[in-house]
Amino acid sequence: MRILIDSDVFVRDLRYPRDDRFHENNKFLDQVRGGKLKGYTSIYNVLEVCGILSFNLTPERLLELFAGFRDRYNIRILFPRGDGERVCFLVSELLPIIGRKLCFGDALIISVVEQNSKVLDKFVSWNAAHFKNKLSIEALTPLDFL
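Residues numbered from 1 in each chain as written. Predicted model: local features only at pLDDT ≥ 70, side-chain atom pairs only at ≥ 80, totals over all residues. Heavy atoms only, no water.

Caption draft 1: Spotlight on the overall build of the protein chain. Across its full length, the protein chain holds eight helices and five strands. Reading the protein chain from its N terminus to its C terminus gives the helix and strand order β-α-α-β-α-α-β-α-α-β-α-β-α. The C-alpha atoms of the protein chain give a radius of gyration of 15 Å, which matches the 15 Å a tight globule of 146 residues would have. The C-alpha extent of the protein chain, read off along each of the three principal axes, is 40 × 35 × 25 Å. Across the 146 residues that make up the protein chain, the buried fraction comes to 44%. Considering only contacts within the protein chain whose residues lie at least 6 apart along the sequence, 62% involve residues at least 24 apart. About 8200 Å² of surface is accessible on the protein chain, with carbon and sulfur atoms providing 53% of the total. In the protein chain, which carries 21 positive and 19 negative side-chain charges, the distance between the mean positions of the two groups comes to 4 Å. (Helix = DSSP H or I, 4+ residues; strand = E, 2+ residues; numbered from the N terminus. Rg over C-alpha atoms; globule rule 2.2 N^0.38 Å. Buried < 20%, exposed > 50% of the residue type's maximum accessible area, 1.4 Å probe, protein only. Contact = heavy atoms within 4.5 Å. Areas by Shrake-Rupley, 256 points an atom, 1.4 Å probe, with all protein chains shown as cover. Lys, Arg positive; Asp, Glu negative; His and termini not counted. Charge placed at Lys NZ, Arg CZ, Asp CG, Glu CD.)

So, in C-alpha cells, the structure goes:
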C-alpha cells in the first residue's frame, strides 16, 4: 500500500504528544517507519511542517528537521515535475485544482498527488473529509486507515 501522508500527521507526531489522537497517529506512522506501508509526502508538506515548527526551533534544528525528514519517517519525498530540485508550479495546472474549493497550499500538495497518482493508493490526513471527492485517490484519516 502506497500512502501520501499530509502535513498534519507529521505535525501531530512532532509537536502534540498529548493530543487525543497521538496514539493512533503514532501507530499509523510506526507502520510507515517499519516499512509495512510505503510512505510518501510532497516537498510542499515537508516545507509546511518546517514552517509550522520553525517558531520553536533554532535555525540549526530546523535544518536538521528538513535534512533528516525522509529518514526519520522512512518516506519518499515527491517533487513536482521537473528536475527534482525546484518547487515550482504551473498556474495553468494549479488554478483548476484551486477551483475545486481548495486553498493554495492544499492545491500545491494535490498537484503533486495528481502527478504521481500511478504510484499512490491512498491519501492520509486528519483532514481527510476536506479532500473527499477532490483527489483521484481515496482520502482517509490515520484512524480510518488503521
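Right, picking up where we left off after that structure.
Caption draft 2: How the structure looks around the state of the cysteines. If you walk through the whole model with that rule in mind, you get zero disulfides. The thiol of Cys50 is unpaired, and the distance to the nearest cysteine sulfur, on Cys103, comes to 18 Å. Overall, Cys50 belongs to the buried group, its relative accessible area being 8%. (Disulfide = S-S within 2.5 Å.)

Caption draft 3: Quick look at the packing of aromatic side chains. Taken as a whole, this structure holds five aromatic pairs when the rule is applied. When the centroid spacing of 4.9 Å and the interplanar angle of 70° are considered together, the rings of Phe10 and Phe69 count as edge-to-face. Pair noted here: Phe10 is in helix H1 (residues 7–15) and Phe69 is in helix H4 (residues 59–73), with a separation of 59 residues, a long-range link. Here Phe10 and Phe69 have matching classes, each one buried. (Phe/Tyr/Trp six-rings, centres within 6.5 Å; stacked < 30°, edge-to-face > 60°.)

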